[in-house]
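Spelled out from the first residue to the last, the chains are:
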Amino acid sequence: MRTCGTDGTWGACEGEVLPAVERCDAADDENCDGFQCIVWAAGFEQNGSCWTSAIASDAEGNVFVSAAFSGTITFAEQSFSSASEASDVLVLKLSPAGVPLWAKKFGDFGVDDVTDLAIDSKGNPVLVGESPQGGVDFGGGPLPEGPFIVRLGASGEHLWSKGLGGRGTLTGIAIDSSDDIIVTGRFTLPIDLGEGPIAPDGEDLLVAKLDGATGRVSGPDHWVRTFNGSSAYEAATAVAVDSSKNIFFLGWSNETINFGTDNAPVRVDGTRFVVKLTPAGKSVWARALNGAGSGSAQPTGIAVDLSSRPVIVGSFSQKMQVGEHTVTGGAGTDSNVFVLQLEATGMPRWLRGFGEAASDQHAFGVTRDRSGNLVVVGTAEGEIDFGRGPLKAQGIQNAFVAKFTPDAELVWNHLTENTGEDTLRVVATSPEGETLIAGTTTAPDADFGTGPLPGTSDGDRARLFIAKLGR
């Protein structure tokens, strides 16, 4: 606005408002796009099913999504078909504005599954998964059946790929500040990361640190560690790394498992646990994450905040106790959401529980933004209240996003309003602190706030959606 002065001339133009990064904790339309909180949402023409495994952002704000799919899916007017009724691997890249940039499909006539994805400092996607029925080719030649690790270029070209052989799966991946790659998983037949076969004792837990440039585990800074306990079944399920390259991973074991040595034991007596390793792979501490009494806990996602404190999300039934902190849910087998933060020393800092006693709610993914706030995603039936009144599911189950401060104070929350089933398991943040989500929906004409998305009219299949919310 400018005003006319007493001398009859225009004054300076003042009070200019320019588009800003969208915020979800305010009712204003900061980016001037006509929508509040939602920035964009993308859907795809699809005939078949899709299962998302990860979403990530590079330093420029480009969005990467990994998924397994069967049938056909169309991305930027390019259609991809699975080799058979079994699943194939799909990797997508979108611009910060949600414009499709490229897509890659990998697979043969067997099952090929991608379980996680991370982006290195150069914008290269690295993915892990399993091809149990035949060697899949990512561009460097067919790999042996079994777990795999693949590093692609920023444009989707093959850089290197490694097949471990044997039988098992890699379930988690993280990349540290030196672009070294940390992977976790489990295996039941001998595997080889390049330094010779490693034989399991039943089903063993695996953590490995690889050179990001080559995929090798040789040398003093790269290693492979396996763990087994008194049980024949152990597995690692998710991993995160802090700014000092310390490693935190989730896992499970039927009985006691020792992560240390006979002289310096780091034991867990319980089924679910979180473990901290040094950058050299030495155990620092381990903590059980079980239910209390007849209850049970299922930790599924992990992130590390700016103070190297791990944050763990998942679901629990009846009652969960960690140290002096306790949350209580329903009396039956229905699950509620928990969010737990530990100190860097492994001591519990806070524990929160959310959900309706007579319905199922599950948290699957967690990440942090550049300010240290925590973003949690999952699914809910019935009602769920994160602190500002109940949110009621409109379909069979809807997807939620909830953002908390590092001290567990709610910043904002959102629950989708589609009919059918919305499933949300993965979350990331952009360099601007915006929230990135990818999931599936069975809702006809699914709408995440920008109008009905294409390719969502068939309610019999799990169909892919990708969205960016404000910060």
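**Looking at the pattern of salt bridges**
Opposite charge on two side chains allows them to pair when their charged atoms are near. One pass over the full model with this rule turns up twelve salt bridges. Between Lys 122 and Asp 179 there is a salt bridge, with its nearest N and O atoms 3.7 Å apart. Here Asp 179 lies in the loop between strand S11 (167-175) and strand S12 (181-189) and Lys 122 lies in the loop between strand S7 (113-119) and strand S8 (125-131), a separation of 57 residues in the sequence. For the salt bridge of Arg 349 with Asp 407, the shortest nitrogen-to-oxygen distance reads 2.7 Å. One end of the pair, Arg 349, is in strand S26 (residues 348-354); the other, Asp 407, is in the loop between strand S31 (398-404) and strand S32 (410-415), and 58 residues separate them in sequence. Using a relative accessible area of 24% as the deciding quantity, one classes Arg 349 as partly exposed. A relative accessible area of 42% places Asp 407 in the partly exposed class. One network of salt bridges, in which partners are shared, links Glu 343, Arg 349 and Asp 407.

**Quick look at the state of the cysteines**
Applying the stated rule across the entire model yields one disulfide. For Cys 24, the disulfide goes to Cys 37, at an S-S distance of 2.0 Å. A torsion of 85° about the S-S bond marks the disulfide between Cys 24 and Cys 37 as right-handed. On the criterion of sequence distance, the pair formed by Cys 24 in the segment before strand S1 (38-43) and Cys 37 in the segment before S1 is long-range, its members being 13 residues apart. Cys 13 carries a free sulfur, and the closest cysteine sulfur to it, the one in Cys 4, is 14 Å from it. Overall, Cys 13 belongs to the exposed group, its relative accessible area being 60%.

Cut-offs and rules
Residues numbered from 1 in each chain as written. Predicted model: local features only at pLDDT ≥ 70, side-chain atom pairs only at ≥ 80, totals over all residues. Heavy atoms only, no water. Salt bridge = Lys/Arg side-chain N within 4 Å of Asp/Glu carboxyl O. Helix = DSSP H or I, 4+ residues; strand = E, 2+ residues; numbered from the N terminus. Buried < 20%, exposed > 50% of the residue type's maximum accessible area, 1.4 Å probe, protein only. Disulfide = S-S within 2.5 Å.

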